[in-house]
Amino acid sequence: MPLLEVKKISKSFGGLKAVSGLEFHIEKGEVLGLIGPNGAGKTTAFNMIAGYFPPDSGKVIFKGRDITGMKPWEVCKLGIVRTFQLSKPFADLTVLDNIKVGAFARTTDIKQVSAKAESMLEFMGITKLRQTEAHSLTATDRKKMELGRALVTEPELLLMDEVVAGATPSEAREMMEIIKRIQAKGVTILIVEHVMKVIMGLSNRVVVLNYGEKLVDCSPEEAACNADVLTAYLGEKYVQSATS
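Please read these numbers as outputs of a predicted model, since none were measured by experiment. (Residues numbered from 1 in each chain as written. Predicted model: local features only at pLDDT ≥ 70, side-chain atom pairs only at ≥ 80, totals over all residues. Heavy atoms only, no water.)

Caption draft 1: Representation of the pairing of strand E9 (residues 205-210) within the structure. Burial of E9 is extensive: six of the six residues sit out of reach of the surface. Covered by surrounding structure in E9 are Arg205, Val207 and Leu209 together with Val206, Val208 and Asn210, the residues of both alternating faces. In sequence, E9 turns back onto strand E10 (residues 213-218) through a hairpin of two residues, with Tyr211 there showing a positive phi of about 50°. (Buried < 20%, exposed > 50% of the residue type's maximum accessible area, 1.4 Å probe, protein only. Helix = DSSP H or I, 4+ residues; strand = E, 2+ residues; numbered from the N terminus. Pairing = 2+ DSSP bridges.)

As structure tokens, this is what we get:
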């Protein structure tokens, strides 16, 4: 049984169909890339899976249980957590206290919360920033902190929304190594990312969206050679000229 099944979910905003009949699944332990051009519906799909708003139709099944329409905190308790394309820290709290907030999802014991947060700081490589207020962090360090805050909730499925966005090449490589360590801990990952080197280097499979619909569900290598995928990203004229 797949860890997550997305069954024909759709979402419209006014007259705009953001996601239409989307279906895919994720097996336990894999990294699935959810990719597509800007406006393809990736973040909308994330929001429906994580409970930020319900789908207009369709179902989200987690470990065999229908979680469609559950609230974000209920989904988190079940073992699904997400990060955001634009980091959302508690700006005036320290890095340590931001991560403690996530730890409270599993326990109210202050000693356990502190121990979990300190351990997560070490795992993420940001122990030296423990007493730095979040508003003083670089964009990449904010991403690390937010990722640590998500991980300390002890998820089985982690939804990662553009954690490499804005990073330098060396920062991107560092984040890729962190993601590999997360997968090695047994966490299943669904990742939205525009940096193709990251997707190609991490994903076992990719689901490609365009205008809210699924184009393909295949290996990264197959997607990179697929004419429909290339057309969605680059335009039909470019693909025709490249293949003529």
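Read on for the rest.
Caption draft 2: Spotlight on the side chain of Asp161. With respect to the helices and strands, the residue Asp161 is situated in strand E7 (residues 157-161). Within polar-contact distance, the side chain of Asp161 engages the side chain of Thr43 at 3.2 Å. Among residues more than four places away in sequence, those in contact with Asp161 are Thr43, Phe46, Arg82, Thr83, Phe84, Gln85, Lys143 and Val192. (Polar contact = N/O pair within 3.5 Å; in protein donor to acceptor, adjacent residues only side chain to side chain. Contact = heavy atoms within 4.5 Å.)

Caption draft 3: Region of the structure containing the state of the cysteines. Tallied over the full model, the rule gives zero disulfides. Of the cysteine sulfurs around Cys218, a residue in no disulfide, the closest is that of Cys225, at 9.5 Å. Of the residues examined, Cys218 reaches a relative accessible area of 12% and is grouped as buried. (Disulfide = S-S within 2.5 Å.)

Caption draft 4: Expanded view of the layout of surface pockets. In this structure, the largest pocket encloses a volume near 460 Å³. As for the largest pocket, its lining consists of 21 residues, of which Tyr52, Cys76, Val81, Arg149 and Thr153 are closest to the centre. Classifying every residue of the lining of the largest pocket by side-chain character gives 13 nonpolar, three polar and five charged. Put simply, the second largest pocket is a space of about 250 Å³. The residue makeup of the lining of the second largest pocket, split by class, is six nonpolar, eight polar and four charged. (1 Å grid on protein atoms, 1.4 Å probe; cavity = no way out; pocket = protein on both sides within 12 Å on 5 of 7 lines; lining within 4 Å. Points joined across faces, edges and corners; volume = space filled by probe spheres on them. Nonpolar A, V, L, I, M, F, W, Y, C, P; charged D, E, K, R; others polar.)

Caption draft 5: Local environment of unusual backbone geometry. For Lys8, which is not a glycine, the phi torsion comes out positive at approximately 50°. On the secondary structure map, Lys8 appears in strand E1 (residues 4-13). Notably, Lys63 is not glycine yet its phi reads approximately 55°, a positive angle. By the element assignment, Lys63 lies in the loop between strand E4 (57-62) and strand E5 (65-66).

Caption draft 6: Broad picture of the pairing of E10. Relative to E10, E9 runs antiparallel, the two being bridged by five bridges. Bridging from a neighbouring strand, Asn210 pairs with Glu213 of E10.

Caption draft 7: Quick peek at the packing of aromatic side chains. Taken as a whole and assessed by the stated rule, the structure comprises two aromatic pairs. On the numbers, 5.5 Å between centres and 80° between planes, the contact of Phe13 with Phe53 is edge-to-face. Here the residue Phe13 occupies a position in strand E1, and Phe53 occupies one in the loop between helix H1 (42-50) and E4, the gap between them amounting to 40 residues. On the basis of relative accessible area, Phe13 is assigned to the partly exposed category, the value being 39%. Ring centres 5.6 Å apart and planes at 85° place the aromatic pair Tyr52 and Phe84 in the edge-to-face group. Placement of Tyr52 in the loop between H1 and E4 and of Phe84 in the loop between strand E6 (80-82) and helix H3 (95-103) is noted, with a sequence separation of 32 residues between them. When its relative accessible area of 40% is taken as the criterion, Tyr52 is described as partly exposed. (Phe/Tyr/Trp six-rings, centres within 6.5 Å; stacked < 30°, edge-to-face > 60°.)

Caption draft 8: Spatial organisation of the packing of helix H5 (residues 139-151) against helix H6 (residues 169-184). Closest axis-to-axis distance for the H5/H6 pair is 11 Å, and the angle between their directions is 10°. In this view, H5 runs roughly parallel relative to H6, as classed from their interaxial angle. Along its contact with H5, which presents Thr140, Lys143, Lys144, Leu147 and Leu151, the element H6 presents Glu171, Glu174, Met175, Ile178 and Ile182. Of the residues contributing to the contact of H5 with H6, the split by class is five nonpolar, one polar and four charged. (Axes fitted to C-alpha atoms, helices over the stretch in contact; angles between N-to-C directions. Parallel < 35°, antiparallel > 145°, perpendicular 65-115°, else oblique.)

Coordinates in, geometry out; function isn't part of it.
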